[in-house]
Structures are given as structure tokens and as C-alpha cells.
Amino acid sequence: MKHLALTLIAACAGLAALTAQADTLQNIKSTGAVTMGVRDSSGVLSYTLGKEQYVGFHIELCQRALADIQKQLGLPRLDIRYVPVTSTNRIPLLQNGTIDLECGSTTNNATRKQQVAFAVTTYMEEIRIAVKANSGIQSIGQLSGKKVATTSGTTSVQVLRKHQRAQGVEFQEVFGKDHAESLLNLESGRADAFVMDAQVLAGNIANARNPADYKIVGEVLGVEPIAIMLRKDDPAFKQSIDNSLRGLMKSGEIATIYDKWFMKPIPPTGAVINLPASQATKAAWASPNDKSTEEYTAAR
């Protein structure tokens with residue numbers, strides 16, 4: 001009986017924790033704090049300046065949305081805590097309540113939507129290939145027999161394998177724990193190419209020791225909606241985040257924030273990514289939605 005009682009207590013505690021997590025706005029109001037999942041090297045969407053400083057396009061959008069929530073809740077102050085996450089642990093850390101939202105470079109797809117929710121799409125990503133500038137590689141077909149770097153927990157190599165021009169192309173995957181390590185695998189020669197989101201490639205190359213040593217080549221392998229990731233079954237929090245983002249889109253301010261990060265010098269080196277907003281990204285701003293990759297593909 002004692003064992004059963006302890007089991008019931010533990011189960012009730014777990015249920016209470018899940019219930020509390022499902023009401024993020026109430027948690028924020030009662031604690032005056034929110035925890036943002038961030039990435040160390042997700043291109044210009046989310047990256048670190050060191051000393052626990054995180055910046056980027058998605059981080060700024062999250063900060064703007066949280067500022068609106070602070071006003072909505074009537075809080076005199078909101079403490080934003082930043083927790084670095086990786087491609088492999090970002091979903092579990094969101095689900096267990098370690099973070100309240102993830103502001104990195106996560107693709108909204110059908111599989112992930114079974115586990116988490118996504119805010120409206122803020123960026124449409126093109127999957128591309130980065131290589132050494134002197135490699136001679138110009139297309140997918142030239143990857144046959146090569147080693148291709150990718151970051152654990154990401155979808156980019158899956159997109160490459162599904163591309164029609166990759167049929168019959170056999171390559172070996174080399175996994176990095178994060179995007180910085182994947183670029184290091186290319187730099188060191190442990191990989192011949194790095195397949196990833198174009199802005200992640202451009203951002204990491206811009207901040208490399210010798211940016212001119214690399215170039216982005218080949219076909220666009222795929223287009224994916226990137227969005228802020230939220231816990232599932234918390235519609236009030238999602239609505240607050242979405243309302244803020246929709247406001248930025250309607251006013252056109254999101255384009256100004258985009259240009260700040262993609263078209264102008266950014267810290268720490270003053271590098272310029274020089275990646276104008278694509279027509280797909282502008283279309284997502286014009287008609288805000290939280291469609292998955294599969295829904296976008298089906299609509300074509």
C-alpha cells in the first residue's frame with residue numbers, strides 16, 4: 001500500500017507539472033520570468049557572442065513577442081533566461097518545461113507537429129550545399145563517393161536524399177553536434193561538403209576564420225518553413241506569440257528587423273550575410289500561417 005501511495009503521489013506530481021507547463025502565460029505572470037531556448041550557431045537566426053550573450057533574427061523576434069506579453073500581463077519587469085539547446089535536445093527540453101519557447105532554426109514538419117507546436121512561419125529556408133572554394137564541387141551529382149557534413153537532429157540530409165538529382169548518388173554522412181562543428185568538419189577535411197539551411201551556411205561562413213575559403217553551390221534542395229517552437233496544447237501562449245508576430249508582419253517592421261540581421265553588418269565582426277528575403281519568405285509574411293513542410297509541398 002505504501003508503494004502504491006508513493007506511486008500515486010509521484011503520478012499526481014507529474015500531472016501537476018504537465019498542467020503547469022501547459023499554462024505558460026500563467027507561469028510567466030506568477031514568476032516574472034520566461035526561459036528561451038537558443039542556439040549557439042544557427043546562422044543569423046540565433047547565435048552566441050560568448051559570455052551568455054545570444055543574438056539573431058529569431059531571438060529578436062522572440063524578445064519583441066515577450067515584450068508584448070509583458071505588457072499583456074501587466075508585469076513591471078520580465079526576466080528572460082537563455083538556455084542553449086541543440087538539434088537533438090531542443091524538443092525534449094521544451095516538453096519537460098526546461099525552456100518555454102525555442103528561438104533557433106527549427107523546421108516545422110508533420111513529425112515534429114505531433115510533439116510540439118509552432119508559431120506562424122517567420123522564415124522560409126532554402127537547403128543548400130557549402131564546399132571549399134577550391135573543391136571543384138558545383139552540384140549534387142559530384143557528391144557521389146564524398147563525405148557530407150550534417151548536424152545531428154536536423155532534416156537537411158533527408159532533403160538531399162529525397163532530391164531527384166540525388167538519385168544514385170552515394171555519400172557518407174559525417175555528423176556534428178552543432179552547426180559550428182559541422183563547418184569545422186568541412187574546414188578540417190573530415191567532410192567534403194556541408195548540407196544545411198542556406199542562412200546557417202552563410203552565417204557560419206561569414207564568421208569563419210577565412211570566409212573566402214568557402215562557397216555555397218548547387219541546386220536549391222528544398223524549401224522549409226522555419227518557426228519559433230512552442231509546447232503543444234498551450235493555445236493561449238501560442239496565440240500571444242502569433243499575435244505579436246502578425247503585428248510585425250502587418251506593419252512591415254519584420255522586414256526591417258530582417259534587413260538588420262541579413263543585409264547589414266552584424267556582431268561580433270561586422271560581417272554582412274547579404275541574403276535578401278526570398279519571395280517565399282515575403283509570401284509567408286503577407287499571409288501568416290503555421291503550415292508544415294508537408295502542407296507547403298502538397299499545395300504546390
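Our subject is the structure listed above.
Residues numbered from 1 in each chain as written. Predicted model: local features only at pLDDT ≥ 70, side-chain atom pairs only at ≥ 80, totals over all residues. Heavy atoms only, no water.

Novice: What's the story with the packing of helix α9 (residues 235–251) against helix α10 (residues 253–262) in this structure? I'm lost.
Specialist: Packed helices, taken two at a time, are described by the angle their axes make and the gap between the axes. Contact geometry of α9 with α10 gives a least axis separation of 5 Å together with a crossing angle of 90°. Accordingly, the angle class assigned to the pair α9 and α10 is roughly perpendicular. Facing α9, whose interface residues are Leu 248, Met 249 and Ser 251, α10 presents Glu 253, Ile 254 and Ile 257. (Axes fitted to C-alpha atoms, helices over the stretch in contact; angles between N-to-C directions. Helix = DSSP H or I, 4+ residues; strand = E, 2+ residues; numbered from the N terminus. Parallel < 35°, antiparallel > 145°, perpendicular 65-115°, else oblique. Contact = heavy atoms within 4.5 Å.)

Novice: It is not clear to me how the packing of aromatic side chains should be interpreted in this structure. Could you clarify?
Specialist: Under the definition given, this model contains 8 aromatic pairs. Taken together, a centroid distance of 6.4 Å and an interplanar angle of 85° make the contact between Tyr 47 and Trp 261 edge-to-face. Here the residue Tyr 47 occupies a position in strand β3 (residues 46–50), and Trp 261 occupies one in helix α10, the gap between them amounting to 214 residues. Look at Trp 261 and you get buried, because its relative accessible area is 6%. (Phe/Tyr/Trp six-rings, centres within 6.5 Å; stacked < 30°, edge-to-face > 60°. Buried < 20%, exposed > 50% of the residue type's maximum accessible area, 1.4 Å probe, protein only.)

Novice: Even after reading the chapter, I still don't get the environment of Thr 111, so can you show me in this structure?
Specialist: Note on placement: Thr 111 falls in helix α5 (residues 110–113). Under the relative-accessibility criterion, Thr 111 is labelled exposed at 51%. The spacing of Thr 111 and Val 272 is 161 residues in sequence and 34 Å in space, taken between C-alpha atoms.

Novice: Would you mind showing me how to read the sheet that holds strand β11 (residues 193–197) here?
Specialist: Within the open sheet, the 5 strands sit side by side as β10-β9-β11-β8-β12. Their pairing is mixed. What marks the edges here is a single partner per strand, and that holds for β10 (172–176) and β12 (214–226). Between one strand axis and the next, the sheet turns through 25° on average, direction left out of account. With 5 bridges joining them, strand β9 (residues 147–151) and β10 adopt parallel strand pairing. Residue Val 148 lies in a different strand from β10, and its bridge partner there is Glu 173. (Pairing = 2+ DSSP bridges.)

Novice: What should I look at first to understand the nonpolar core in this one?
Specialist: Proteins that are soluble and globular tend to have nonpolar side chains buried together. Within the largest apolar cluster, 46 residues are counted, with the highest numbers of intra-cluster contacts made by Phe 57, Leu 101, Ile 241, Trp 261 and Phe 262. Mapped by element, the contributors of at least two residues to this core are α2 (24–31), β1 (33–38), β4 (53–55), α3 (57–73), α8 (198–206), α9 and α10. The biggest single contributor to this core is α3, with 8 residues. Beyond its immediate sequence surroundings of up to four residues, Ile 241 is in contact with Ala 65, Ile 69, Leu 101, Ala 119 and Leu 230. (Core = buried A, V, L, I, M, F, W, Y, C linked by side-chain atoms within 4.5 Å.)

Novice: How should α8 be read in this particular structure?
Specialist: For α8, a buried count of 9 out of 9 residues is recorded, marking the element as mostly surrounded by other parts of the structure. Burial in α8 covers these residues: Ala 198, Gln 199, Val 200, Leu 201, Ala 202, Gly 203, Asn 204, Ile 205 and Ala 206. Of the surrounding elements, those touching the buried residues of α8 are β2 (41–42), β8 (123–132), α7 (179–188), β11, β12 and α10.

Novice: What's the story with the pattern of salt bridges in this structure? I'm lost.
Specialist: Any two side chains of opposite charge can pair, so long as their charged atoms come close to each other. Under the criterion given, the structure shown has 10 salt bridges. A salt bridge links Lys 238 to Asp 242; the shortest N-O distance between them is 2.8 Å. Remark: Asp 242 and Lys 238 occur in helix α9; sequence separation between them is 4 residues, near one turn of the helix. The two residues Lys 238 and Asp 242 agree in class, both being buried. Taking the shortest distance from any N to any O, the salt bridge between Lys 238 and Asp 290 comes out at 3.1 Å. A residue pair is termed long-range when its members are at least 10 positions apart, and Lys 238 in helix α9 and Asp 290 in the loop between α11 (279–286) and α12 (293–299) qualify at 52 residues. The class for Lys 238 is buried, based on a relative accessible area of 17%. Overall, the relative accessible area of 28% leaves Asp 290 in the partly exposed class. (Salt bridge = Lys/Arg side-chain N within 4 Å of Asp/Glu carboxyl O.)

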